[in-house]
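# Observations on the three-dimensional arrangement
Next come the chains, spelled out residue by residue.
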Amino acid sequence: MTSLTREDCAKLDAEDPLAGFRAEFALPDGVVYLDGNSLGALPKATPERVSRVVEREWGADLIASWSAAGWWDQPRTLGARIAPLVGAAPHEVVVGDSTSANLFKTLVAALRLNPDRNVVVGEAGNFPTDLYVTQGAAELMGAAERRVDPDEPALEAALASGDVAVVLLSHVDYRTGTLRDMAGLTRLAHRHGALVLWDLCHSVGALPVELGACGVDFAVGCTYKYLNAGPGAPSFTFAAERHHATARQPIAGWHGHARPFDFSGEYVPAEGASRFLSGSQSLIAAAALEASLDLWSRVDLDRLRAKSLALTDLFATLTADTGLMLMTPRAAERRGSQVSLRHPDGPAGEAIVRALAERGVIGDFRQPDVLRFGFAPLYLRHVDVYDAATALVEVVRSGGWRASRFTAPQEV
Ligand SMILES: *Cc1c(COP(=O)(O)O)cnc(C)c1O
């Protein structure tokens, strides 16, 4: 890959079977957006879909839309459409609430399913909300929390005590971009009698996910990152069918009731993954997810993965001589859809990210020293990656990032 020129990249773009998707996104001119792993770009079809919900379904049809426009079933309808992206059956996924809330619901449900055990194992460097929710759920349930590195030896050691009820892992590490062995780690946890909850925030929409084939118990994921459903878009929850009859989540609400319109005083959980619902959802936000899923229903995930690996490999190769340390594994089977580089001096790394933004290359910086670049294969071209890498090399070589406008403290 080292010898690829910009012309070579343009040729790869011309042959790219996913190239047509770029035109379906509203992307600002002169910007290479490498932050789609934090907030995905806007599909052009979204504003119209959202305004249809606002103006017609809400404005004109009012309360009739709960049934006529499918509002009541929207959490299941959208869940069924996310299912193929994560290797699940349609009735195993529901959409609603935030990832943080769904982590709480599924963690407590898993603890209740494994009542003779009282330890939650999480990963030491996980995204903070995963750690905080684990602390909160464990405290509430009288369980203990154990944090480990998410590799086989460390996990095996943590599981050996025989008291682990549930293991919570991120499929792709948000900081380093490392992809975990979902099948192997799930098998390991099951062998030791623990259930497994996977966080898919940085893998759904970035690569094919096989929850069913891997025997996963529960999973949650964001839709505003690689799925492009917009800021604050609802999260999704996967519950394996074998747990549907017995799982009990803690925020029992009327949308998760078996017969919500009986308005009875006693909670009876609904069949299937619906029991993970609680209350009314933002249907305006759900409309934006619906628009982005229209687009996703046409995406071949194997092609998506092949392009993602090509883009991340290209960026890692072209930036190899910058002196920045590559944190993301080079091995394709261990890499998500991002490239993270470490600068020995954290503040310098942050200044480099700011200098890049001024050149139209949008990445992000994660404390203490990580320069993070996400590659959304639906709207990025090989030439974009080439240009971004070239800009990074120039910023580092020229020392242009030392200008005070990049190094001065930022007022958030
Ligand atoms: C982005 C992300 C979240 C976000 O949770 P919210 O409740 O949507 O704020 C949670 N976990 C991981 C691993 C993430 O990457």
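Residues numbered from 1 in each chain as written. Predicted model: local features only at pLDDT ≥ 70, side-chain atom pairs only at ≥ 80, totals over all residues. Heavy atoms only, no water.

## Examining the site of the ligand
In the vicinity of the ligand lie 13 residues, with Ser100, Asp130, His202, Tyr224 and Lys225 positioned nearest. Interatomic distance of 2.9 Å between a side-chain N/O atom of His202 and an oxygen atom of the ligand. Split into classes, the residues belonging to the shell around the ligand amount to four nonpolar, six polar and three charged. (Near = heavy atom within 4 Å. Polar contact = N/O pair within 3.5 Å; in protein donor to acceptor, adjacent residues only side chain to side chain. Nonpolar A, V, L, I, M, F, W, Y, C, P; charged D, E, K, R; others polar.)

## Some details on the sheet that holds strand 11 (residues 325–326)
Two strands in a sheet stick together by hydrogen bonds in their backbones, pointing the same way (parallel) or opposite ways (antiparallel). Within the open sheet, the four strands sit side by side as 11-12-15-14. Their pairing is antiparallel. What marks the edges here is a single partner per strand, and that holds for strand 11 and strand 14 (364–366). Relative to strand 15 (residues 370–374), strand 14 runs antiparallel, the two sharing three bridges. Following the sheet pairing, Arg366 is matched in strand 15 by Val370. Contacting strand 14 and strand 15, helix 11 (residues 346–358) crosses the sheet at an angle of about 165 degrees to strand 14. (Pairing = 2+ DSSP bridges. Helix = DSSP H or I, 4+ residues; strand = E, 2+ residues; numbered from the N terminus. Contact = heavy atoms within 4.5 Å. Axes fitted to C-alpha atoms, helices over the stretch in contact; angles between N-to-C directions.)

## Quick word on the state of the cysteines
A covalent bond between the sulfur atoms of two cysteines is what we call a disulfide. A full pass over the atoms with the stated rule returns zero disulfides. Note on Cys214: no disulfide assigned, nearest cysteine sulfur contributed by Cys201 at a separation of 17 Å. Left without a disulfide partner, Cys222 is nearest to the cysteine sulfur of Cys201, which lies 3.0 Å away. Cys222 gets classed as buried once you look at its relative accessible area, which sits at 2%. (Disulfide = S-S within 2.5 Å. Buried < 20%, exposed > 50% of the residue type's maximum accessible area, 1.4 Å probe, protein only.)

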